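Read off the chains here:
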Amino acid sequence: RKEVEQDPGPFNVPEGATVAFNCTYSNSASQSFFWYRQDCRKEPKLLMSVYSSGNEDGRFTAQLNRASQYISLLIRDSKLSDSATYLCVVNGARDSNYQLIWGAGTKLIIKP
Amino acid sequence: DTEVTQTPKHLVMGMTNKKSLKCEQHMGHRAMYWYKQKAKKPPELMFVYSYEKLSINESVPSRFSPECPNSSLLNLHLHALQPEDSALYLCASSPTSRGGEDTQYFGPGTRLTVL
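About the criteria used
Residues numbered from 1 in each chain as written. Chains lettered and ligands numbered in written order. Predicted model: local features only at pLDDT ≥ 70, side-chain atom pairs only at ≥ 80, totals over all residues. Heavy atoms only, no water. Salt bridge = Lys/Arg side-chain N within 4 Å of Asp/Glu carboxyl O. Helix = DSSP H or I, 4+ residues; strand = E, 2+ residues; numbered from the N terminus. Contact = heavy atoms within 4.5 Å. Buried area = accessible area lost by both parts, 1.4 Å probe. Polar contact = N/O pair within 3.5 Å; in protein donor to acceptor, adjacent residues only side chain to side chain. Nonpolar A, V, L, I, M, F, W, Y, C, P; charged D, E, K, R; others polar. Phe/Tyr/Trp six-rings, centres within 6.5 Å; stacked < 30°, edge-to-face > 60°. Buried < 20%, exposed > 50% of the residue type's maximum accessible area, 1.4 Å probe, protein only.

**Some details on the pattern of salt bridges**
Residues and elements named next belong to chain A.
And step 1. Following the criterion strictly, the structure yields six salt bridges over all chains and no others.
And step 2. Among the ionic pairs, Asp82 bridges to Arg59, the shortest N-O distance being 2.8 Å. With Asp82 in the loop between β8 (70-75) and β9 (84-91) and Arg59 in the loop between β6 (55-57) and β7 (60-65), the pair connects residues that are 23 residues apart, well separated along the chain.

What follows is the structure in structure tokens.
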């Protein structure tokens with residue numbers, strides 16, 4: 001089982017639709033969770049940190065379920081500019097805290 | 001300002017060349033990272049520097065040699081690379097040495113091609 005698993009994608013959705021990404025992680029001791037966005041041939045950029053209480057930033061909502069070891073990202077009213085690869089990232093919580101464990105990413109394509 | 005800069009943006013080198021990648025941040029971050037990313041794959045951690053000391057080397061071949069001259073700079077020296085080393089090399093930094101709990105900020109990367 002991979003340490004961080006995401007929907008394989010790609011997701012092709014029409015502009016204005018709501019999109020949901022799911023992610024599961026295997027290490028129950030993980031403490032930090034992030035969603036990064038990566039555009040083609042660009043660097044990853046932090047989209048949101050994910051907190052236990054859930055958090056929202058405009059059209060984006062992130063949720064964490066520690067019991068199920070599950071993280072989600074919801075994008076409402078999707079825009080063409082939301083097209084990118086979305087990476088679920090979890091703190092490895094092994095012998096050090098340096099290591100972020102990356103999911104393989106889910107590619108999102110928003111169509112007009 | 002959450003800017004990490006990297007030079008060069010693109011690099012083409014032969015297998016016998018020696019080159020260096022440079023990374024700089026002025027956010028006062030004390031942890032800096034080198035990642036390698038192949039197409040359609042997530043970033044793979046190579047090295048971590050904490051307070052200017054190498055703290056993690058993820059079994060990277062010795063043809064990659066990191067260096068941290070000061071708290072703002074991180075270099076990656078390349079020598080005798082192989083074509084399979086062609087990739088996007090990303091530098092990142094985070095506020096403290098507890099990198100996994102702090103947000104990592106990435107530079108734009110250097111796209112390396114080894115001929």
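Moving on, there is more to tell.
**Some words on the interface of chain B and chain A**
It is common to give the size of an interface as the accessible area lost on bringing the parts into contact.
And step 1. Contacts between the two partners involve 25 residues from chain B, matched on the other side by 21 residues from chain A.
And step 2. Taking both partners together, chain B and chain A bury about 1800 Å²; carbon and sulfur atoms supply 55% of that area.
And step 3. For the interface between chain B and chain A, the tally reads two residue pairs in polar contact (both at pLDDT 80 or more).
And step 4. At the level of elements, β4 (31-37), β5 (44-50), β6 (53-57) and β9 (87-94) of chain B are the ones that each hand at least two residues to the side of chain B that touches chain A.
And step 5. Of the residues contributing to the side of chain B that touches chain A, the split by class is 11 nonpolar, nine polar and five charged.

**Structural notes on the packing of aromatic side chains**
And step 1. Here the structure, examined in full by the defined rule, presents 12 aromatic pairs over all chains.
And step 2. A centroid spacing of 5.8 Å and a plane angle of 90 degrees characterise the contact between Tyr36(A) and Phe106(B), whose relative ring orientation is edge-to-face. Of this pair, Tyr36(A) sits in strand β4 (residues 33-38) while Phe106(B) sits in strand β10 (residues 105-106), which puts the two residues in different chains. Each member of the pair, Tyr36(A) as well as Phe106(B), is classed as buried.
And step 3. Arranged with centres 6.1 Å apart and planes meeting at 80 degrees, the rings of Trp102(A) and Tyr35(B) form a pair that is edge-to-face. Placement of the pair is Trp102(A) in strand β10 (residues 100-102) and Tyr35(B) in strand β4, with the two residues belonging to separate chains. Summarising the burial analysis for this pair, Trp102(A) and Tyr35(B) share the class buried.
And step 4. Grouping aromatic residues by their ring pairs yields a cluster made of Phe34(A), Tyr36(A), Trp102(A), Tyr33(B), Tyr35(B) and Phe106(B).

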